[in-house]
Amino acid sequence: SGQGQTRIVSPPLPTRTQGLQQIRLVILDPEIGSEFPSLKYYVNPASINGLVSETTLRNLEVNSPPVGSNLTSATVFSWLSVPGSVAYQVEIFTNADDPSGMNGKSSGLLISPVDTNLKLVTGKVIPDGTTTVRLAEFNLRHLSLNQSYKWRIRAIGTEGTVIARSGLRDIIYR
């Protein structure tokens, strides 16, 4: 671009799940602080046929790590494949009892969920066909040692909507 502007083309915005949607753009270089631009929009249930409601989401089965286990660089997140998914997103949140959040840090471009009041700390998007992942050092840098977190995995469908998700689970970063 050369004129101080960069154009980023996003995938289609999720429009098939009713309710408030939020997309947050995190700029890592140059560092601009902790205030990041975000886009919020509401999908009206009367405007689109075939919306996916919260009650129709499928359960995503998690194999590992076990609930309450330690998170290290060697921890493997593993789950069963979800038919119709094109990607998965591992999400790490603050624990409900810990409002400290990201301490002004951010982990990159993440589509923030609006179905929980927990603060998203870090996460990773994984393409379909892969059902295991380790978090990179980049992701782990956003966590505090000996801190308790919640995590889950979401399956993303072809329309960019969440089609399945696991329940929130406890994990401790060591």
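Residues numbered from 1 in each chain as written. Predicted model: local features only at pLDDT ≥ 70, side-chain atom pairs only at ≥ 80, totals over all residues. Heavy atoms only, no water.

Let's shift gears to the overall build of the chain. Secondary structure summary: the chain contains one helix and twelve strands in total. Reading the chain from its N terminus to its C terminus gives the helix and strand order β-β-β-β-β-β-β-β-β-α-β-β-β. Here the chain holds 174 residues, and the buried ones make up 40% of them. The contacts in the chain between residues at least 6 apart in sequence include a share of 67% that link residues at least 24 apart. For the chain, the computed accessible surface area is about 9800 Å², with 51% contributed by carbon and sulfur atoms. (Helix = DSSP H or I, 4+ residues; strand = E, 2+ residues; numbered from the N terminus. Buried < 20%, exposed > 50% of the residue type's maximum accessible area, 1.4 Å probe, protein only. Contact = heavy atoms within 4.5 Å. Areas by Shrake-Rupley, 256 points an atom, 1.4 Å probe, with all protein chains shown as cover.)

To continue, consider the sheet that holds strand β4 (residues 62–64). If you trace the three strands from one edge of the open sheet to the other, you get β4-β6-β9, paired in antiparallel fashion. At either margin of the open sheet sits one strand with a lone partner, and together these are β4 and β9 (132–133). With two bridges connecting them, β4 and strand β6 (residues 77–79) associate as antiparallel partners. Of the residues in β6, the one forming a bridge with Val 62 is Trp 79. (Pairing = 2+ DSSP bridges.)

Let's shift gears to the side chain of Ser 78. Position of Ser 78 among the secondary structure elements: in strand β6. On the basis of relative accessibility, which here comes to 12%, the residue Ser 78 falls in the buried class.

Working definition: an aromatic ring pair is given by the centre-to-centre distance plus the angle between the planes. A complete count under the given rule lists two aromatic pairs for this structure. Ring geometry for Trp 79 versus Tyr 88: centroids 5.3 Å apart, planes at 55 degrees, classification tilted. With relative accessibility at 2%, the residue Trp 79 sits in the buried group. (Phe/Tyr/Trp six-rings, centres within 6.5 Å; stacked < 30°, edge-to-face > 60°.)

Okay, the confidence of the model for the chain next. Residues of the chain with pLDDT of at least 70 account for 63%, and the chain-wide mean is 76. Taking the mean pLDDT of every element in the chain, the minimum, 70, falls on strand β2 (residues 38–43) and the maximum, 97, on β6. Scored below 50 in pLDDT, residues 97–112 makes 38 contacts in the model with residues more than four places away or belonging to other chains. (pLDDT = per-residue confidence, 0-100.)

Time to look at the nonpolar core. In terms of nonpolar packing, the biggest core is built from 23 residues, with Leu 60, Phe 77 and Trp 79 touching the most fellow members. Those elements that provide at least two residues to this core are β6, β7 (85–94), β8 (120–127), β10 (147–157), β11 (162–165) and β12 (169–173). Leaving out residues up to four positions away in the same chain, Phe 77 has contacts with Ser 64, Pro 65, Leu 71, Val 90, Ile 92, Thr 131, Thr 132, Val 133, Leu 135, Trp 151 and Ile 171. (Core = buried A, V, L, I, M, F, W, Y, C linked by side-chain atoms within 4.5 Å.)

Now for the pairing of β10. With nine of eleven residues buried, β10 is to be regarded as a mostly interior element. In the sheet, β7 pairs with β10 via nine bridges, with the strands oriented antiparallel. Within β10, the residue paired with Ile 92 across the bridge is Trp 151. Sheet analysis places β10 next to β12, joined by five bridges and oriented antiparallel. Paired with Gln 147 across the strands is Tyr 173, a residue of β12. Both β10 and β11 contribute to a ladder of three bridges, which runs antiparallel. Counted as the bridge partner of Ala 155 is Ala 164 from β11. Linkage of β10 to β11, two consecutive antiparallel strands, is achieved through a turn of four residues, within which Gly 160 is found at a positive phi near 85 degrees.

Sheet faces and side chains relate simply in a regular strand, where the side chains alternate between the two faces. Pairing of strand β3 (residues 58–59) with β11 involves two bridges; the strand directions are parallel. Looking across to β11, one finds that Arg 58 is bridged to Ala 164.

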